[in-house]
Amino acid sequence: MTMGFDLGHSSSDSTYSSKLLATCLIGGVVMGVSVLGFFLAFPHPRPLSWRRKKRPIRVYMDGCFDMMHYGHCNALRQARALGDQLVVGVVSDAEIIANKGPPVTPLNERMIMVSAVKWVDEIIPDAPYAITEDFMKKLFDEYNIDYIIHGDDPCILPDGTDAYALAKKAGRYKQIKRTEGVSSTDIVGRMLLCVRERSLSDSHNHSSLQRQFSHGHSQKFEDGGSGSGTRISHFLPTSRRIVQFSNGKGPGPDARIVYIDGAFDLFHAGHVEILKLARELGDFLLVGIHTDQTVSANRGAHRPIMNLHERSLSVLACRYVDEVIIGAPWEVSKDTITTFNISLVVHGTVAEYNNYPKGKEDPYAIPISMGIYKQLESPLDITTTTIIKRIVSNHEAYQKRNEKKAMSEQSYYENKAFVSDD
């Protein structure tokens, strides 16, 4: 009896437990689905830091950018690396005249040059030479600038004060390394040196500097302490610098490759505009840069003003250029066309190579015969000779400007300390 009671009670209790367990499981599932549905219908708000996009760091750098060269471009590259967006102030002609002397290139040409540098995102024209309190406030409030950038060489105003003193005081100043071996003062000096050479060697001949550069009669030499402030600096090219300037990308398999060649000496606005035009004709712009020997053979012993590596870096910094051939041949051969898979060869109407010497074949004869040559209407009537003539016409003013600037450059080299340019 007892045994039977016990057995019967256990069976009933087991059934009850099973039903209770099933009810709990079903209830749990229903509750889980309900909670999941609630969270899907009313998602939990994420933190504001997750929802908001991080504001880009905007940096500002200004300059005259007169006779713009690869040193300027390298400064802009370094400045851009300190932020996400680079805003560049281009100093007005009036401010340059007041603080440094007459500019060689006017504001509109300098704007074209700066706009073409691939590290520049935005431009402010007519920027002041010195960072005033009002302009600094404008940079911070209107342009959302986080930091003001300048090189490690001092920028001293006529009154002897630091042009970036206010930015430093505000704690919004960052410094980059100056690119040694070149400056606008140095480039002007290279040309003025030829004026001095000519006057010393042939005082009875008053030919223009254009003739001196076209038919040079003496070799370049370094300033031997004459006090002129002109010198030929020695740029030491490195593979690292070329990599820093390079895009690092080749053309796609079906890319239309456009080729243009030249000296690209004293890289100027005329060069930029024809490169822009050439780039619009294809997917990839390949630029051939002639050797120093080729340029000298065709333009005279005093050319080029800038050596092959200097000219290559200036072209590489241009946003319209995808790749360069450093030391391109004078004649565009069938082999060159095949090797680089060139679809179109172009040349501008404004150039110093258009009138080829007697006995020399047209360097574009092969692409012309292949039907892949096109002459482009040059947007600007500017050549390297144009720049040289500007300096000749006012060489006394530039001589004085160079003598003054040379003293500050000498001081920089004597007191400089190491600054990384990564």
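Up top is the structure these notes are about.
Let me begin by describing the structure that accompanies this report.

Now for the overall build of the protein. The number of helices and strands found in the protein is 17 helices and ten strands. Within the protein, counting contacts between residues at least 6 apart in sequence, those at least 24 apart form 80% of the total. Only carbon and sulfur atoms are counted for the fraction: they give 56% of the accessible area of the protein, which is about 22100 Å².

With that out of the way, let us pick up the environment of Q375. Within the element layout of this structure, Q375 appears in strand β10 (residues 373–376). Put simply, Q375 and G348 are 27 residues apart on the chain and 5.7 Å apart in space, counted from C-alpha to C-alpha. For Q375, the residues in contact, after removing those within four places along its chain, are H347, G348 and T349.

Moving on, we come to the sheet that holds β10. One open sheet holds the five strands; their spatial order is β8-β7-β6-β9-β10, and the pairing between them is parallel. The sheet is open, and its two borders are formed by β8 (323–328) and β10, each paired with just one other strand. Averaged over all pairs of adjacent strands, the angle between strand axes in this sheet comes to 25°, irrespective of strand direction. Inspection of the sheet shows strand β7 (residues 284–290) paired to β8 by five bridges, in the parallel sense.

Applying the stated criterion across every chain, the model contains five aromatic pairs. When the ring of W119 is compared with that of F245, the centres are 5.2 Å apart and the planes differ by 75°; the resulting orientation is edge-to-face. With a gap of 126 residues between them, W119 in the loop between α5 (107–115) and β3 (122–127) and F245 in helix α10 (residues 239–245) connect regions that are remote in the sequence. Given the relative accessible area of 14%, W119 is considered buried. The class of F245 is buried, set by a relative accessible area of 0%. When the ring of Y164 is compared with that of Y173, the centres are 6.0 Å apart and the planes differ by 45°; the resulting orientation is tilted. Grouping residues by exposure puts Y164 and Y173 together as buried. If you follow K168 out to its NZ or CZ, it ends over the ring of Y173, 5.0 Å from the centre. Against the face of Y147 rests K174, its NZ or CZ located 4.2 Å from the ring centre.

So, on to unusual backbone geometry. Residue P304 is bonded to the preceding R303 through a cis peptide linkage, with omega at -5°. Position of P304 among the secondary structure elements: in the loop between α12 (292–299) and α13 (308–316). With phi around 55°, F264 is a residue other than glycine that occupies positive phi space. Structurally, F264 can be placed in the loop between β6 (257–262) and α11 (269–279). We note that L266 has phi near 50°; this positive angle belongs to a residue other than glycine. Structurally, L266 can be placed in the loop between β6 and α11.

So, on to the sheet that holds strand β2 (residues 85–91). Overall, parallel pairing links the five strands, which are arranged β3-β2-β1-β4-β5 in an open sheet. Across the chains shown, the open sheet's two edge strands, defined by having one partner strand only, are β3 and β5 (173–176). For this sheet the average axis-to-axis angle between neighbouring strands, irrespective of direction, equals 30°. The pairing of strand β4 (residues 147–151) with β5 spans four bridges and is parallel. By the bridge assignment, G151 is partnered in β5 with I176. Taken strand by strand, helix α3 (residues 70–81) contacts β1 (58–63), β2, β4 and β5, and its axis lies near 140° from that of β2. Relative to β2, α5 is tilted by about 165°, and along the sheet it contacts β2 and β3.

Judged by nonpolar contacts, the single largest core of 60 residues is most densely connected at M67, L76, L266, L275 and V287. Grouped together as the second largest cluster of nonpolar side chains are 23 residues, A130, M136, F140 and C155 included.

The next point concerns the packing of α5 against α11. Between two packed helices, both the angle of their axes relative to each other and the distance between the axes serve to describe the pair. Running from N to C, α5 and α11 point in directions that differ by 50°, and their axes come no closer than 9 Å. By the criterion of interaxial angle, the relationship of α5 to α11 is oblique. Crossing angle aside, the handedness with which α5 passes α11 is left-handed. Touching E109, I112 and M113 of α5 are A269, V272 and E273, all from α11. When the residues that make up the contact of α5 with α11 are grouped by side-chain class, the tally is four nonpolar, no polar and two charged.

On to helix α6 (residues 133–141). One turn of the α-helix equals 3.6 residues, which is why residues spaced by three or four share an orientation. Every buried residue of α6 is accounted for by F135, M136, L139 and F140. Buried positions in α6, seen along its axis, are confined to an arc of 140° and lie on one side of it. Among the exposed residues of α6, those pointing more than 90 degrees away from its buried face are E133, D134 and K137.

Time to look at the pattern of salt bridges. For the structure shown, the criterion picks out eleven salt bridges. R110 is the partner of D93 in a salt bridge, and the nearest nitrogen-oxygen pair spans 2.5 Å. Placement of the pair is D93 in helix α4 (residues 93–99) and R110 in helix α5, with a sequence separation of 17 residues. Look at D93 and you get partly exposed, because its relative accessible area is 26%. The exposure class assigned to R110 is buried, which follows from its relative accessible area of 0%. Across the pair E109 and R390 runs a salt bridge, and its minimum N-O distance is 2.7 Å. Taken together, the residues span a long stretch of sequence, with E109 in helix α5 and R390 in helix α16 (residues 384–393) at a distance of 281 residues.

The rules behind these values
- Residues numbered from 1 in each chain as written.
- Predicted model: local features only at pLDDT ≥ 70, side-chain atom pairs only at ≥ 80, totals over all residues.
- Heavy atoms only, no water.
- Helix = DSSP H or I, 4+ residues; strand = E, 2+ residues; numbered from the N terminus.
- Contact = heavy atoms within 4.5 Å.
- Areas by Shrake-Rupley, 256 points an atom, 1.4 Å probe, with all protein chains shown as cover.
- Pairing = 2+ DSSP bridges.
- Axes fitted to C-alpha atoms, helices over the stretch in contact; angles between N-to-C directions.
- Phe/Tyr/Trp six-rings, centres within 6.5 Å; stacked < 30°, edge-to-face > 60°.
- Buried < 20%, exposed > 50% of the residue type's maximum accessible area, 1.4 Å probe, protein only.
- Lys NZ or Arg CZ within 6 Å of the ring centre and 35° of its normal.
- Core = buried A, V, L, I, M, F, W, Y, C linked by side-chain atoms within 4.5 Å.
- Parallel < 35°, antiparallel > 145°, perpendicular 65-115°, else oblique.
- Left-handed = near helix turned anticlockwise from the far one by under 90°.
- Nonpolar A, V, L, I, M, F, W, Y, C, P; charged D, E, K, R; others polar.
- Arc of directions from axis to C-beta.
- Salt bridge = Lys/Arg side-chain N within 4 Å of Asp/Glu carboxyl O.

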